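Structure at a glance
Now for the letters of each chain:
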Amino acid sequence: MYQPRYPSFSISRSVSRSAFGQTLEDSAPRGQALQSLAETDSLRSRFFSWRGASGRRYVCSVFQSGEDSFVADVTNGVVIGVAREGATTRPVCVFLAQERAGRRLREIARELGVAEWHVHFCADAASLRDLSASLLN
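Quick caveat, the model's predicted, so the values are computed rather than measured.

1. Brief notes about the pairing of strand E3 (residues 47–51)
- The sheet contact formed by E3 and strand E4 (residues 57–64) spans 5 bridges and is antiparallel. Its bridge partner being in E4, arginine 51 is matched across the sheet by arginine 57.
- From the end of E3 to the start of E4, which pair antiparallel, there are 5 residues, and glycine 55 there has a positive phi angle of about 95°.

2. Considering helix H5 (residues 125–135)
- Of all the positions in H5, only Ser127, Leu128, Asp130, Leu131, Ser132 and Leu135 are classed as buried.
- Backbone nitrogen of alanine 126 and a side-chain oxygen of the N-cap are separated by 3.2 Å at the start of H5; the cap is aspartate 124.

3. Observations concerning the nonpolar core
- By size, the foremost hydrophobic cluster in this structure holds 17 residues, and its most contacted members are Val71, Val79 and Trp117.
- Counting residues per element, the ones that place at least two in this core are helix H3 (68–72), strand E5 (77–85), strand E6 (88–96), helix H4 (105–112) and strand E7 (116–121).
- When residues in this core are grouped by element, the largest group, 4 residues, is from H4.
- Residues Trp50, Cys60, Ile80 and Leu135 belong to the second largest nonpolar core, which totals 14 residues.

4. Focus: the pattern of salt bridges
- Per the counting criterion, the structure on display carries 5 salt bridges.
- In this structure, the salt-bridge partner of glutamate 67 is arginine 46, at a minimum N-O distance of 3.4 Å. Residue glutamate 67 is located in the loop between E4 and H3, and its partner arginine 46 is located in the loop between strand E2 (31–33) and E3; the two are separated by 21 residues in the primary sequence.
- Note on glutamate 67: relative accessible area 27%, which makes it partly exposed.
- Its relative accessible area of 29% is what places arginine 46 among the partly exposed residues.
- In this structure, glutamate 116 engages arginine 84 in a salt bridge whose closest nitrogen and oxygen atoms are separated by 2.9 Å. You can see glutamate 116 sitting in strand E7 and its partner arginine 84 sitting in strand E5, a full 32 residues away along the chain.

5. Here we look at the confidence of the model for the protein
- Predicted confidence across the protein gives a mean pLDDT of 75, with 65% of residues reaching 70 or more.
- Per-element confidence in the protein ranges from a low mean pLDDT of 40 for helix H1 (residues 14–17) to a high of 93 for E7.
- Note on residues 1–29: pLDDT is under 50 here. Beyond four places in sequence and across chains, it has 59 contacts.

6. What to know about the side chain of histidine 118
- Secondary-structure assignment places histidine 118 in strand E7.
- Taking the relative accessible area as the measure of exposure, histidine 118 reaches 0% and is therefore buried.
- At 2.7 Å, the side chain of histidine 118 and the side chain of glutamate 116 are in polar contact.
- Dropping the residues within four chain positions of it, histidine 118 is found in contact with Phe48, Trp50, Cys60, Ser61, Val62, Val78, Val79, Ile80, Val82 and Thr89.

Conventions and cut-offs
- Residues numbered from 1 in each chain as written.
- Predicted model: local features only at pLDDT ≥ 70, side-chain atom pairs only at ≥ 80, totals over all residues.
- Heavy atoms only, no water.
- Pairing = 2+ DSSP bridges.
- Helix = DSSP H or I, 4+ residues; strand = E, 2+ residues; numbered from the N terminus.
- Buried < 20%, exposed > 50% of the residue type's maximum accessible area, 1.4 Å probe, protein only.
- Polar contact = N/O pair within 3.5 Å; in protein donor to acceptor, adjacent residues only side chain to side chain.
- Core = buried A, V, L, I, M, F, W, Y, C linked by side-chain atoms within 4.5 Å.
- Salt bridge = Lys/Arg side-chain N within 4 Å of Asp/Glu carboxyl O.
- pLDDT = per-residue confidence, 0-100.
- Contact = heavy atoms within 4.5 Å.

This is the structure:
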């Protein structure tokens, strides 16, 4: 498993909990597609929202794992690595874009099974803590 090099880079604990008989779906936090885009074919798969521990809703732009180079260029935001298992969307890592883990995004994606990158632009360390607390615990 990937060992974080940055103090605020978080990896989902649900991966290890699944080994103790709990299914990934049981331990997965719930995010949701944007209802306002439900009728649009071109935009509904490009945005997703997650709730932080505070209850605040964070709207994210969705990038496929093949779009790593764009995500690597983001300088101000929270990046969430998301694995997909059928219809289940499960975050597996969360980090600040400023930490420059972007150079290693392909490696991280491969090791953690990331299918998508969800990016909440213009975020700060407080947003990272709020999202990490709700998505990875």
